[in-house]
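Take a look at the letters that make up each chain.
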Amino acid sequence: MKNLTDEEWMMKRLTLLLAVMVLLGGACTARAAELYVHQASGKNNFPGTKEQPFKNIQKAIDMAQDGDTIRVAAGNYCGIMDKGQIKLNKQVTLLGGYSPDFSARDILTHRTTIIPPNKIDTVRQGGLFVIEQGKNKEGKTLIDGFIFDQGETNNYHATEGKAEGLETGMLLIPPNKAANSAGPTAIMPIMGGGGGPNAGASGDFTVSNCVFNNASNFGIQLPFGKGVFTARNNIFVANRMASIEVWGTLADPHAAKANIINNTVLFSWCRTKEMSDMGYGVRGMNKCDYVIQGNIMALSAFAGYDNTRADSNLKNEKTVALDRNLFFLNKQADMTIPGGGMFTRIWVEENFEDVPSLKVPTTKFTSIEGNVGLKTAEPLKEALNKAYLEGYLNASYKEVTSYDADSPANTFRRAMGMNQQGKIQSSVTMWANRYPLEDALKLFGAVKDFGAQLPQQPAQ
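What this report covers is the structure whose coordinates are included nearby. Every value quoted in this text rests on a predicted model; they were computed, and no experiment measured them. (Residues numbered from 1 in each chain as written. Predicted model: local features only at pLDDT ≥ 70, side-chain atom pairs only at ≥ 80, totals over all residues. Heavy atoms only, no water.)

## Some words on the overall build of the chain
What counts is decided by this rule: Each helix is a run of H or I in the DSSP string that is no shorter than four residues. Each strand is a run of E no shorter than two, and both are numbered from the N terminus. Think of it in three bands: with a 1.4 Å probe and only protein chains considered, a residue is buried below 20% of the maximum accessible area for its type, exposed above 50%, and partly exposed in between. Any pair of residues with heavy atoms lying within 4.5 Å of one another is described as a contacting pair. For the accessible areas, the method is Shrake-Rupley and the probe is 1.4 Å, while residue cover comes only from the protein chains on display.
The number of helices and strands found in the chain is 5 helices and 29 strands. Burial statistics for the chain: of 460 residues in total, 52% are counted as buried. In the chain, of all internal contacts separated by at least 6 residues, the share reaching a separation of at least 24 is 74%. When the accessible surface of the chain is totalled, it reaches about 21000 Å², and 54% of it is carbon and sulfur.

## Looking at unusual backbone geometry
A cis amide bond links Pro 174 to the next residue, Pro 175, at an omega of 10 degrees. You will see that Phe 102, though not glycine, has its phi angle at about 65 degrees, which is positive. You can see Phe 102 is positioned in the loop between strand 5 (93-98) and strand 6 (112-114). A residue is classified by how much of its surface remains accessible, and Phe 102, at 6% relative accessible area, is buried.

## Let's talk about empty space enclosed by the protein
Stated formally: A pocket, in this scheme, is an open set of points on a 1 Å grid over the protein atoms alone with protein on both sides within 12 Å along at least 5 of 7 lines, while a cavity is a set where a 1.4 Å probe fits but cannot get out; residues line either one if an atom lies within 4 Å of a point. Grid points are joined across faces, edges and corners, and a volume is the space filled by probe spheres set on the points.
If you walk through the whole model with that rule in mind, you get 1 cavity of 30 Å³ or more. Its boundaries defined by the atoms lining it, the largest cavity holds a volume of some 30 Å³. Forming the walls of the largest cavity are Asn 154, Tyr 156, Leu 171, Asn 214, Ala 215, Ser 216, Ala 238, Ala 432 and Asn 433.

## Topic: the pairing of strand 5
Under the convention used in this document: At least two DSSP bridges between two strands are required for those strands to pair.
Of all the 6 residues making up strand 5, 5 are buried; the element is thus mostly covered by neighbouring parts of the structure. Of the pairings in the sheet, the one linking strand 2 (residues 69-73) to strand 5 comprises 4 bridges and is parallel in character. Paired with Ala 73 across the bridge in strand 5 is Tyr 98. The sheet contact formed by strand 5 and strand 8 (residues 140-144) spans 3 bridges and is parallel. Counted as the bridge partner of Leu 95 is Asp 144 from strand 8.

Structural data, given as structure tokens:
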């Protein structure tokens, strides 16, 4: 055998290395798979092909690898055994809205819904759709064309807070529950970050062309690591606390960015029926830079956009671009910022232009341009549920206190040095009632140039 020179050995090793790299590159390219899900015809022991799809979205996620695409046909999907929870720990493309044979895609015609029933074993913590990707992944995630609704899982009072023409009374918070319910309302977000070391999302993460309806505790409440979160062309209706809340989880205050673009966000309800706090459309959180453009942020019980969360480290200044949004009929403010006691309330038609000069703690507003306000719901009159709108505009809370100092019980309690007693009866005309899903879907394309438009289906 010929003895090779050092130079020949080097060339041979380089050739071998290049060959290995080509093989590995080819393997990586080939690994990006397509998986199919169809509730009616699928089985979880199928291979997940178009001809033999999986039955459950969760099964497809469990079998997928980062970079795969999961295509989901029309049907209602609620996790394995229909327990009302799906967990995503991969970075995949997840597309709903396919016809049963996967030949066509239209999210409003071939509806892919995630609407858990109210059963005794329905999951009631963590979230309906839980994201557990970790903080530092750099791949891409796309969730497009899904209709989320907690309206069937939630409990509603039969009569209290039932304005004329509504499907239900007010939302019931545990431990209260309806007499015919299998369990109390699940107080959890529709899309949440779960818990543990992998809680939340990272990378290039997009949610588009989806509906978030009747959330008992946030539409999207998501911790975010390194990367960009984008919510684009979605509908959010009748969500309690806030419709969208995303915050950074890393030490670097600019590692996370959130793009909130062309969403329709309506009827965000307060924490309690007393309507004392929360009730925001979009909430700007800490350690995250925001671009908020082209949205409808309206009919919130408190404010359309909340920017009151200030980082304790005054050097951690987040940036916010708030441009070309439509605000109307928010009850306390179009935007809230720190100051003025607890909050300073800002109205788009009065003082938005003054915000950049106010030196808002730990926030730099890079632009506030083109925002408009209306005093009526005229642009949405054909799409909104009119009974719900009227009930919301007239919603009120009251307390009636009864105290009789001379009652036998209070006379005795005074004699014994005990506290006096009275009764407080409270009532509300409307609070977080269920919004009809069919009407929520009408909001796509309801207002030209603002909010969610009719979905443009991405490539098959």
